[in-house]
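# Descriptive structure summary
One letter stands for each residue in the lines below.
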Amino acid sequence: MYNSNNPSNWSWSKAFDEMEKTVNQAELTQQSINHVLNYPGEANGVFKTLSKSQQEDVYEILNQI
């Protein structure tokens, strides 16, 4: 049966729009993670230095985004 919501039936325009939305969401998530962890541009393991409670808070915030 034909399903217009199935990605294989999308127009090229809709497919590219969906891809742009997904990439934008991934970029915003990464930026949010960087800001929350005060990321200076290098992998310095700041998240691992947080207490378990603080790590859970970070996950809760990110899940709300």
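For the structure given in this document, a descriptive report is provided here.

Along the backbone of the chain there are three helices and zero strands. Approximately 5700 Å² of the chain is accessible, and the part contributed by carbon and sulfur atoms is 53%.

Turning to the side chain of Gln55, a few remarks are in order. Note on placement: Gln55 falls in helix α3 (residues 52-64). Aside from chain neighbours lying at most four places away, what touches Gln55 is Phe47, Lys48 and Leu50.

Our focus in this paragraph is the environment of Asn63. One can find Asn63 in helix α3. With 34 residues separating them in the primary sequence, Asn63 and Thr29 have C-alpha atoms 9.7 Å apart.

The rules we used
- Residues numbered from 1 in each chain as written.
- Predicted model: local features only at pLDDT ≥ 70, side-chain atom pairs only at ≥ 80, totals over all residues.
- Heavy atoms only, no water.
- Helix = DSSP H or I, 4+ residues; strand = E, 2+ residues; numbered from the N terminus.
- Areas by Shrake-Rupley, 256 points an atom, 1.4 Å probe, with all protein chains shown as cover.
- Contact = heavy atoms within 4.5 Å.

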